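# Close look at the chain arrangement
Read off the chains here:
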Amino acid sequence: MAKNNNKAFTLVELLVVISIIALLMGILLPSLSVAREQGRCVVCKSNLKNIGLALRLYIDEFEGKMPSADPYPGSYGQKSQHWFMNSALMDNLDLNVGKDANGVPTGTGREHSVLTCPTHRKPMMTKDLSPDYPAQQREYALSYMANGTLGVSNKCFASGEYRHEREYKKPREAMMFCDGNGTMQTQGTVLYGGCPKSNFEYRHREKTNAVFLDQHIESLKEDDIPFCDRLDDRRFGAFWYAKR
Ligand SMILES: [Zn+2]
């Protein structure tokens, strides 16, 4: 009688194979998700690099004058607006902005663009609420916020002029844009040295990406940021304002 030559796996062999696969997945999946996040972080830094370059081009175009971060009331405010609604600044970015039936730019809508961090799951849908700019009611999925002192200082209110970049004594320490959170009151703006620490978003393994006036990018932990509970930090003035 022929011997039963069954080549099928035994139950024990099957269990061994399954447990090896489970073990490999346990080892590989966390490193895959770390690699995915590293990829998203690189895209985010590239976005901020683009925004920093758009700012550089804007400053050069306006002979050293900076754009405002958000609208300010009063006479100076007549020409100030949210940075992301400033068409001269936005036109320096490759945004693929849509247009309505009348050819008026509508923004990117929910489409991700260089204004959207890939790690940001639900970017804020942002529109300028200022009635001064009815032709610029563009809507963007926005993940980044600007330093609120961008372009404006107390001197500007007196002179009616935008801040000049030469006011920034340490461009390398002056934070311009970062991974942000935002509220309807301060959309697109990180506020000032006194802003809540939660205005930043630490999306990238507990770090926020930021671009500085000299165009370099940094990943910052909350503790790296000189908030106003650390007024003795020598970087406070340079990071938030144009001070030494
Ligand atoms: Zn980001």
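The structure we're discussing is the one just above.
The paragraphs below set out a description of the structure included in this document. (Residues numbered from 1 in each chain as written. Predicted model: local features only at pLDDT ≥ 70, side-chain atom pairs only at ≥ 80, totals over all residues. Heavy atoms only, no water.)

### Quick notes on the overall build of the chain
For the chain, the count of helices and strands is four helices and eight strands. Beginning at the N terminus, the succession of helices and strands in the chain can be written as α-α-β-β-β-β-β-α-β-β-β-α. In the chain, the share of contacts with a sequence separation of at least 24, taken over all contacts with a separation of at least 6, comes to 68%. (Helix = DSSP H or I, 4+ residues; strand = E, 2+ residues; numbered from the N terminus. Contact = heavy atoms within 4.5 Å.)

### Some points on the environment of Phe239
Tracing the sequence through the fold places Phe239 in helix α4 (residues 236-240). Residues Phe239 and Met175, spaced 64 residues apart in sequence, show a C-alpha to C-alpha distance of 5.4 Å. Apart from residues lying up to four places away in sequence, Phe239 is in contact with Asn147, Glu173, Ala174, Met175, Phe200, Phe212, Leu220, Ile225 and Pro226.

### Some points on the coordination of the zinc ion
At 2.1 to 2.7 Å from the zinc ion lie its protein donor atoms, namely Cys44 (SG), Cys117 (SG), Asp179 (OD), Asp179 (OD) and His204 (NE2). Read from N- to C-terminus, the donor residues coordinating the zinc ion fall into the pattern C-x72-C-x61-D-x24-H. Taken together, the residues Cys44 in helix α1 (residues 11-61) and His204 in the loop between β6 (175-179) and β7 (208-212) connect sequence positions 160 residues apart. Each member of the pair, Cys44 as well as His204, is classed as buried. (Donors = N, O, S within 2.8 Å, 3.2 Å for Na, K, Ca; no water. Buried < 20%, exposed > 50% of the residue type's maximum accessible area, 1.4 Å probe, protein only.)

### Some words on the sheet that holds β6
The strand order across the open sheet formed by four strands is β5-β6-β7-β8, and the pairing between neighbours is antiparallel. Unpaired on one side and paired on the other, β5 (144-146) and β8 (217-220) mark the two borders of the sheet. Taking the axes of each pair of neighbouring strands and ignoring which way they run, one obtains an average angle of 25 degrees across the sheet. Inspection of the sheet shows β5 paired to β6 by three bridges, in the antiparallel sense. For Ala146, the partnering residue across the bridge sits in β6 and is Phe177. (Pairing = 2+ DSSP bridges. Axes fitted to C-alpha atoms, helices over the stretch in contact; angles between N-to-C directions.)

### Re the nonpolar core
Across soluble globular proteins, nonpolar side chains have a tendency to be buried as a group. Counting 31 residues, the largest nonpolar core has Trp83, Leu115, Met176 and Phe177 as its most contacted members. Within the residue set of this core, elements represented by two or more residues are α1, α2 (87-90), β4 (139-142), β5 and β6. When residues in this core are grouped by element, the largest group, seven residues, is from α1. Formed by 14 residues, the second largest nonpolar core is a distinct cluster that contains Met175, Val190, Leu220 and Trp240. (Core = buried A, V, L, I, M, F, W, Y, C linked by side-chain atoms within 4.5 Å.)

### Some words on the state of the cysteines
In total, this model carries zero disulfides according to the counting rule given. Residue Cys228 stays outside any disulfide, its sulfur separated by 8.1 Å from that of Cys195, the closest cysteine. (Disulfide = S-S within 2.5 Å.)

### Comments concerning the pairing of strand β2 (residues 105-109)
As judged from the two bridges shared by strand β1 (residues 98-99) and β2, these two strands associate in the antiparallel manner. The residue bridging Gly98 from the neighbouring strand is Gly107, located in β2. Two successive antiparallel strands, β1 and β2, enclose a turn made up of five residues, where Gly103 displays a positive phi of approximately 80 degrees. As paired elements, β2 and β4 share two bridges and run parallel to each other. By the bridge assignment, Gly107 is partnered in β4 with Glu139.

### Description of the layout of surface pockets
To find leftover empty space, one rolls a probe the size of a water molecule over the atoms. Of the volumes computed, that of the largest pocket is approximately 190 Å³. Val152, Ser153, Asn154, Arg163 and Tyr241 are the residues nearest the centre of the largest pocket, which is lined by 14 residues in total. Partitioning the lining of the largest pocket into residue classes produces six nonpolar, four polar and four charged. (1 Å grid on protein atoms, 1.4 Å probe; cavity = no way out; pocket = protein on both sides within 12 Å on 5 of 7 lines; lining within 4 Å. Points joined across faces, edges and corners; volume = space filled by probe spheres on them. Nonpolar A, V, L, I, M, F, W, Y, C, P; charged D, E, K, R; others polar.)

### Observations regarding the side chain of Asp233
Along the polypeptide, Asp233 turns up in the loop between β8 and α4. Overall, Asp233 belongs to the buried group, its relative accessible area being 16%. At a separation of 2.8 Å, a polar atom in the side chain of Asp233 contacts the main-chain amide nitrogen of Arg235. (Polar contact = N/O pair within 3.5 Å; in protein donor to acceptor, adjacent residues only side chain to side chain.)

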